[in-house]
Amino acid sequence: MSTRPSTVAFDVLETLVDLDPLRARLEEIGQPGRLLEPWFMRFQRDSMALALTGDFGEFGSVARQALRTDTGHTASEEAINHVLEGFSRLPAHPDAEPALRRLSEAGLGVGCLTVGSTENTAYCLEQAGLTRYVDRVVTAERVGTWKPAPSVYRAAAEELGTPPGAMALVAVHAWDCHGAKRAGCLAGWCARLEGRYGDVFTAPDVTGADLVQVAERLLELSAD
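About the cut-offs
Residues numbered from 1 in each chain as written. Predicted model: local features only at pLDDT ≥ 70, side-chain atom pairs only at ≥ 80, totals over all residues. Heavy atoms only, no water. Phe/Tyr/Trp six-rings, centres within 6.5 Å; stacked < 30°, edge-to-face > 60°. Helix = DSSP H or I, 4+ residues; strand = E, 2+ residues; numbered from the N terminus. Buried < 20%, exposed > 50% of the residue type's maximum accessible area, 1.4 Å probe, protein only. Core = buried A, V, L, I, M, F, W, Y, C linked by side-chain atoms within 4.5 Å. Contact = heavy atoms within 4.5 Å. 1 Å grid on protein atoms, 1.4 Å probe; cavity = no way out; pocket = protein on both sides within 12 Å on 5 of 7 lines; lining within 4 Å. Points joined across faces, edges and corners; volume = space filled by probe spheres on them. Nonpolar A, V, L, I, M, F, W, Y, C, P; charged D, E, K, R; others polar. Axes fitted to C-alpha atoms, helices over the stretch in contact; angles between N-to-C directions. Parallel < 35°, antiparallel > 145°, perpendicular 65-115°, else oblique. Left-handed = near helix turned anticlockwise from the far one by under 90°. Salt bridge = Lys/Arg side-chain N within 4 Å of Asp/Glu carboxyl O.

Asks: For the packing of aromatic side chains, give the residues involved together with the corresponding values.
Replies: Under the definition given, this model contains 8 aromatic pairs. When the centroid spacing of 4.9 Å and the interplanar angle of 80 degrees are considered together, the rings of Phe43 and Phe59 count as edge-to-face. Pair noted here: Phe43 is in helix H2 (residues 36-52) and Phe59 is in helix H3 (residues 59-70), with a separation of 16 residues, a long-range link. Relative accessible area serves as the criterion here: at 1%, Phe43 is assigned to the buried category. Judged by relative accessible area, which is 6%, Phe59 ranks as buried. Feature note: the residues Trp39, Phe40, Phe43, Phe56, Phe59, Phe87 and Trp146 constitute an aromatic cluster, connected by ring pairs.

Asks: Can you lay out the nonpolar core for me, pointing to particular residues and giving the numbers?
Replies: In this structure, Phe10, Leu13, Leu16, Trp39 and Phe87 are the most contacted members of the largest nonpolar core, which totals 56 residues. Setting aside residues no more than four positions away along its own chain, Leu16 makes contact with Phe10, Asp11, Pro91, Ala92, His93, Ala96, Leu100, Cys112, Leu125, Leu130 and Leu211. Judged by nonpolar contacts, the second largest core, of 21 residues, contains Leu160, Met167, Ala171 and Cys177.

Asks: Report on empty space enclosed by the protein, specifying residues and quantitative values.
Replies: Going through the model one piece at a time under the given rule, you end up with 2 cavities of 30 Å³ or more. Considering the residues around the largest cavity, the lining is formed by Asp11, Leu13, Phe40, Gln44, Met48, Val115, Trp146, Lys147, His173 and Trp175. Counting residues per element, the lining of the largest cavity draws most heavily on H2, which supplies 3 residues. As a volume, the second largest cavity reaches approximately 60 Å³. Val12, Leu13, Phe59, Phe87, Gly116, Ser117, Asn120, Thr121 and Cys124 together form the lining of the second largest cavity. Ranked by residue count, the leading element in the lining of the second largest cavity is helix H6 (residues 118-127), at 3 residues. Its residues assigned to classes, the lining of the second largest cavity comprises 5 nonpolar, 4 polar and no charged.

Asks: Describe the layout of surface pockets, and please don't skip the residues or the numbers.
Replies: In this model, the largest pocket occupies a volume close to 360 Å³. The element contributing the most residues to the lining of the largest pocket is H2, with 7 residues. Tallied by class, the residues present in the lining of the largest pocket amount to 8 nonpolar, 3 polar and 8 charged. Taken as a whole, the second largest pocket spans an internal volume of roughly 200 Å³. Secondary structure elements with two or more residues in the lining of the second largest pocket: H3 and H6. The element best represented in the lining of the second largest pocket is H6, accounting for 3 residues. Considering only residue class, the lining of the second largest pocket consists of 4 nonpolar, 4 polar and 4 charged.

Asks: Let's hear about the packing of H2 against H3: which residues, and what values?
Replies: Their axes nearest at 9 Å, the elements H2 and H3 cross at an angle of 130 degrees. Regarding the angle of H2 to H3, the classification is oblique. By crossing handedness, the relation of H2 to H3 is classed as right-handed. For the pair formed by H2 and H3, the contact residues are Pro38, Trp39, Arg42, Phe43, Asp46, Ser47 and Leu50 on the first element and Phe59, Val62, Ala63, Ala66, Leu67, Thr69 and Asp70 on the second. For the contact of H2 with H3, the per-class residue count stands at 9 nonpolar, 2 polar and 3 charged.

Asks: Outline unusual backbone geometry, listing residues and values.
Replies: Note that the residue after Lys147, namely Pro148, is joined by a cis bond; omega there is 10 degrees. Within the secondary structure, Pro148 sits in the loop between helix H7 (140-143) and helix H8 (150-159). Of note, the phi angle at Glu14 is positive, near 80 degrees, even though the residue is not glycine. The backbone of His73 shows a phi angle near 60 degrees, a positive value even though the residue is not glycine. Of note, His73 is situated in the loop between H3 and helix H4 (77-84).

Asks: Could you give an account of the pattern of salt bridges, with specific residues and numbers?
Replies: Tallied over the full model, the rule gives 14 salt bridges. Its salt-bridge partner being Arg23, residue Asp20 comes within 2.9 Å of it at the nearest N-O pair. For Asp20, a relative accessible area of 37% puts it in the partly exposed group. When its relative accessible area of 22% is taken as the criterion, Arg23 is described as partly exposed. Glu159 serves as the salt-bridge partner of Arg136, at 3.8 Å between the closest nitrogen and oxygen. Here Glu159 lies in helix H8 and Arg136 lies in strand S3 (residues 136-139), a separation of 23 residues in the sequence.

Without other data, these values stay purely geometric and don't point to any function.
Encoded structure:
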């Protein structure tokens, strides 16, 4: 049976913050709002592809190139800048603040583990009112590779001052939770985005309909 973690690291993009406002920015540069999902998926795929070949792509550079491709190279660099600037101004999902607050008040360490840039993530968390609950932000950029490489999760645990087995990764992406489990960490999956956990991935330790439920179920795990 899984034991209660001492520290919880939250994924940021789509888990804590909502990407939907980027849809309006796409429309403001003359692109369809429906481009958001394929663009973000291309961005994630290309970042993982670079990592698999031993390379690292900086967040802004990979996101920019993916958007060039998905707009059919019709968007100007200035227009792309307008869209990318939106990453630092994304709002928190309604369940983010109460989940972080619940874990923090229970005495657990709380961190973030993200593929986003250090600067954008810090500004985004501050604007979303979440900074007060976050002890440390660990980025793929700092580690030098992308999730779901095992080294990312282990580096996050080290920076948060705990062994991997005492850290839980919380995300709305099943692949991210799978990566954490394969790295020896705990995982809490929120069903808000995907609905059902993919059976090709290693099962998480807890699941929940929202982040608050995931936080509560992590706290309900037995003490070591």
